[in-house]
Amino acid sequence: MQSASPSSWTTQRPLPKWLLAVICTAIATHLFAFFVSDYQPSNDAKEYLALGTGLSDFGELKLPSGDRAKRMPLWPATIALADLWQGRKLLPHAIFEIQAVLSLLSVIFVALIGSRMAGPRAGLLAGLIAALYAPYRSLQASYLCEVLVIFLLTGAMLAYVASLGARRDAARWALLSITSVALGLALLTRADALILAIPFAVDAALRKNPALLRIGRVALLLSGVVIATLAWGLRNQKAVGKFTLSTIGGLNFYLGNCDDYAESPGMDRADYGAFDRLRTVSGLSEVEADERLYADGKTFLRENPDRTLANALLKTRVWFQSTVTWCAPTTILLILWMLAAAGPQNARRFFIGAAGAWTLIWIVIFSETLRPWASSLFVVPLGLVGLALMRDPPHLRGLLIGLVAAQLAVAIVFIPLERLRWTIDWIFILAIAAATARFCEPNVASRLADDNQPHARL
């Protein structure tokens, strides 16, 4: 095959204007978050730092307490590389640089996914909301692993969506392999990512393809998490004496299933020191402390079925609620201006008026917040509505709902950390964008009527 000549490189299509707008906005917001961040590390962040610097100094993933399996390895390994790259003195800045780059790439991934799902308008709206999303700007300025998880999950989704539209079998299998690798790496970043591979496998199994082809694709998609699980589980078998992904699971299970949960559902007063006390005061090993906490949580479930049900409902509410309120109504503003510019002709005056009114409100609130960030206060409920209204040619709504349900299941079984939900909030952003784009297409009325007709899956 003849390679492309240098002269042909200049004839390639330029970057779409909508994507360029997303990238420019994302660069501005990420640079702002990078330079103004004033981060005080949490206990979780301190453990990641300790693991990373310990790996850099001694070549071993071990906390000063002796614990070897509390945290997954990929983020500490990234911190160790940053330490070797820029040195201990500049390590905080190096971590923020890595977080900024990963977060910026995640925004671009979200925009590209939105475009493949529902066109350029959806890509533009999804990218702008993601670039301005307050939780993501907060995570970017931290030492926590969630930014890496979001990068890997959005990368996995982009590769999977691209595989659905690939015309050549080789490209399709290569993209599915990338999806599998990204899901495996996400597992090595957070143990709960294990369950997120299931919706991908279910979606691949339900596509209209020959049975053997579907089995092969499902096997390929799951191979990444299977390999990662075996590798890290065997390492922990050797290091702590048990095949397990993490020894902090028992603590999270206990904190979500105990007498005190209803009094501290937001984790502000949760007894996070329970694991350490079992280690230091009771003298239990890392595995024994983990198993004790799992046993205590299971005892609570058996003895308190009514409270368990009430706690499950409470956990669902806590998981969906927003604690980041220092934001302007930017999400609604972007939706309204999109509809004002490209919505149904007979309703554009209404949307122009509504967008203008929200702009005035935005200006008033902006004087209080000083930051035009998009809030989960709007993104999450609007995203749930978007999941019901959206239509996309790749038929990904089932997969998106499955990913949300999988993370919600983890929250109900263990404990509903809002930070855990942030790792899949890009799904709500995509749903908002796809639903809005649905009303921005020509002949909207006829398209809505056609949506009642059955669609063939790819």
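Residues numbered from 1 in each chain as written. Predicted model: local features only at pLDDT ≥ 70, side-chain atom pairs only at ≥ 80, totals over all residues. Heavy atoms only, no water.

Draft legend 1. Focus on the nonpolar core. If you look at the biggest cluster of nonpolar residues, it comprises 117 residues, and the most contacted ones within it are M157, Y160, W426 and I429. The element best represented in this core is helix α5 (residues 91-118), accounting for 14 residues. Apart from residues lying up to four places away in sequence, I429 is in contact with V110, A126, I129, A130, Y133, Y136 and V379. In this structure, L251, L284, L417 and L420 belong to the second largest nonpolar core, which totals 18 residues. (Core = buried A, V, L, I, M, F, W, Y, C linked by side-chain atoms within 4.5 Å. Buried < 20%, exposed > 50% of the residue type's maximum accessible area, 1.4 Å probe, protein only. Helix = DSSP H or I, 4+ residues; strand = E, 2+ residues; numbered from the N terminus. Contact = heavy atoms within 4.5 Å.)

Draft legend 2. Focus on the layout of surface pockets. Computed from the structure, the second largest pocket encloses a volume of approximately 640 Å³. Lining the second largest pocket are 28 residues, with A191, D192, S246, G249 and N252 positioned closest to its centre. For the lining of the second largest pocket, a count of residues per class yields 15 nonpolar, 5 polar and 8 charged. (1 Å grid on protein atoms, 1.4 Å probe; cavity = no way out; pocket = protein on both sides within 12 Å on 5 of 7 lines; lining within 4 Å. Points joined across faces, edges and corners; volume = space filled by probe spheres on them. Nonpolar A, V, L, I, M, F, W, Y, C, P; charged D, E, K, R; others polar.)

Draft legend 3. Inspection of unusual backbone geometry at higher detail. At H395, a position not held by glycine, the phi torsion is positive, near 55°. Tracing the backbone through its elements, the reader meets H395 in the loop between α18 (376-389) and α19 (397-413).

Draft legend 4. Just the confidence of the model for the protein, in detail. Scored by pLDDT, the protein has a mean of 89; 91% of the residues are at 70 or more. Counted against residues more than four places away or in other chains, residues 1-11, with its pLDDT under 50, gives 1 contact. Residue range residues 443-458 is modelled with pLDDT below 50. Its contacts to residues more than four positions away, or to other chains, number 23 contacts. (pLDDT = per-residue confidence, 0-100.)

Draft legend 5. Region of interest: helix α10 (residues 197-206). Taken residue by residue, α10 has A197, P199, F200, A201, D203 and A204 as its buried positions. Packing partners of the buried residues in α10 comprise α8 (146-165), α9 (169-187), α11 (211-240) and α19.

Draft legend 6. Structural detail: the packing of aromatic side chains. The final tally for this structure, using the stated rule, is 10 aromatic pairs. An angle of 85° between the planes, with centres 4.9 Å apart, marks the rings of Y133 and Y136 as edge-to-face. The class of Y133 is buried, set by a relative accessible area of 0%. When the centroid spacing of 5.5 Å and the interplanar angle of 90° are considered together, the rings of Y160 and F200 count as edge-to-face. Here the residue Y160 occupies a position in helix α8, and F200 occupies one in helix α10, the gap between them amounting to 40 residues. Given the relative accessible area of 1%, F200 is considered buried. Pairwise contacts between aromatic rings join F253, Y294 and F414 into one cluster. Positioned above the aromatic ring of W173 is the side chain of R217, whose terminal nitrogen or guanidinium carbon lies 6.0 Å from the ring centre. In this structure, K315 packs its charged tip against the face of Y261, placed 5.5 Å from the ring centre. (Phe/Tyr/Trp six-rings, centres within 6.5 Å; stacked < 30°, edge-to-face > 60°. Lys NZ or Arg CZ within 6 Å of the ring centre and 35° of its normal.)

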